[in-house]
Amino acid sequence: MGDVEALKSIRQEVLARIDADAEDFVDAFRQFVRIPSIYQDLAALRTASEFIADMLTSAGVKTELVASGSSGKVSVLGRIPGTGRAGGRSLILNGHMDIYPPSKAWSMDPYSGIVRQGRLYGQGTDDMKAGILAMTLAVSCLSRMGVKLAGDLYLHAIPNHYNGGDGTRTVLDTGLRADLY
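Being a predicted model, the structure only gives us computed values, none of them experimental.

Participant: A description of the side chain of His156 should follow, citing residues and the corresponding values.
Facilitator: Position of His156 relative to the elements: it lies in strand β6 (residues 153-158). Residue classification places His156 among the buried positions, given a relative accessible area of 1%. One polar contact links His156 to Asn94, side chain to side chain, over a distance of 2.8 Å. In contact with His156, not counting residues within four places along its chain, are Ser75, Val76, Leu77, Ile92, Leu93, Asn94, Gly95, Gly167, Thr168 and Val171.

Participant: Can you tell me about the packing of aromatic side chains, naming the residues and giving the values?
Facilitator: Tallied over the full model, the rule gives 2 aromatic pairs. Judged by centre distance (5.5 Å) and plane angle (5°), the ring pair of Phe32 and Phe51 falls under stacked. Within this pair, whereas Phe32 is found in helix α2 (residues 22-33), its partner Phe51 is found in helix α3 (residues 42-58), the two being separated by 19 residues in sequence. Phe51 matches Phe32 in its accessibility class, with the two residues each being buried. A centroid spacing of 6.0 Å and a plane angle of 80° characterise the contact between Tyr39 and Tyr100, whose relative ring orientation is edge-to-face. Here the residue Tyr39 occupies a position in the loop between α2 and α3, and Tyr100 occupies one in the loop between β3 (91-96) and β4 (115-116), the gap between them amounting to 61 residues.

Participant: Got a sec to walk through the sheet that holds strand β1 (residues 62-67)? Specific residues and values, please.
Facilitator: With mixed pairing, 4 strands are arranged side by side in an open sheet as β1-β2-β6-β3. Edge strands, defined here as strands with exactly one partner in the open sheet, are β1 and β3. With direction set aside, neighbouring strand axes in the sheet form an average angle of 20°. Where β3 lies against β6, 6 bridges are found, and the strand directions are parallel. When the bridges of β6 are listed, His96 appears paired with Ile158. Sheet strands in contact with helix α4 (residues 125-145) are β2 (74-80), β3 and β6, and its direction is about 145° off that of β3.

Participant: An account of the pattern of salt bridges is needed here, citing residue identities and associated values.
Facilitator: Considering all chains together, one arrives at 4 salt bridges under this definition. Note that Asp152 and Arg79 form a salt bridge whose closest N and O atoms lie 3.2 Å from each other. Residue Asp152 is located in the loop between α4 and β6, and its partner Arg79 is located in strand β2; the two are separated by 73 residues in the primary sequence. On the basis of relative accessible area, Arg79 is assigned to the partly exposed category, the value being 28%.

Rules used in this analysis
Residues numbered from 1 in each chain as written. Predicted model: local features only at pLDDT ≥ 70, side-chain atom pairs only at ≥ 80, totals over all residues. Heavy atoms only, no water. Helix = DSSP H or I, 4+ residues; strand = E, 2+ residues; numbered from the N terminus. Buried < 20%, exposed > 50% of the residue type's maximum accessible area, 1.4 Å probe, protein only. Polar contact = N/O pair within 3.5 Å; in protein donor to acceptor, adjacent residues only side chain to side chain. Contact = heavy atoms within 4.5 Å. Phe/Tyr/Trp six-rings, centres within 6.5 Å; stacked < 30°, edge-to-face > 60°. Pairing = 2+ DSSP bridges. Axes fitted to C-alpha atoms, helices over the stretch in contact; angles between N-to-C directions. Salt bridge = Lys/Arg side-chain N within 4 Å of Asp/Glu carboxyl O.

Functional significance is not addressed by these values, which are geometric in nature.
Spelled out as structure tokens, the structure:
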């Protein structure tokens with residue numbers, strides 16, 4: 001099977017996995033939204049980091065909690081090692097888990113993770129809990145499927161983008177690099 005055919009096959013497997021596990025994915029999103037990871041709440045931010053780390057670890061992704069550059073806050077760094085095949089490029093998926101406090105305009109509990117008419121509502125869903133969870137689920141799915149990537153795939157979830165990007169800068173200062181960010 002050539003590279004193009006292999007990629008098509010992997011794509012079909014991933015899409016089938018998403019369809020089969022859709023309810024579990026929505027449930028994970030609801031759980032993540034229920035964590036009130038406001039940028040100043042160290043305990044909630046730790047819980048959010050551990051939630052993402054646990055999802056990755058349970059999927060077999062090598063995962064660690066690493067310094068974020070902000071006292072009391074830890075980032076998540078997961079990695080699926082590449083095979084080193086020629087032409088393999090590495091990729092870092094990066095995003096934040098910290099959110100602003102909810103406004104008084106909410107007409108429901110902003111941490112309920114309620115689903116109405118096919119939409120999930122909650123503080124931080126669009127900035128950027130949906131993005132972090134989508135990346136986490138994608139990396140977890142690839143790991144569970146045993147997909148062999150040519151280059152390393154990293155997931156870096158930070159608790160402190162409101163601090164001027166400390167989480168991202170801190171991990172890059174350790175020497176972590178990739179071909180694509």
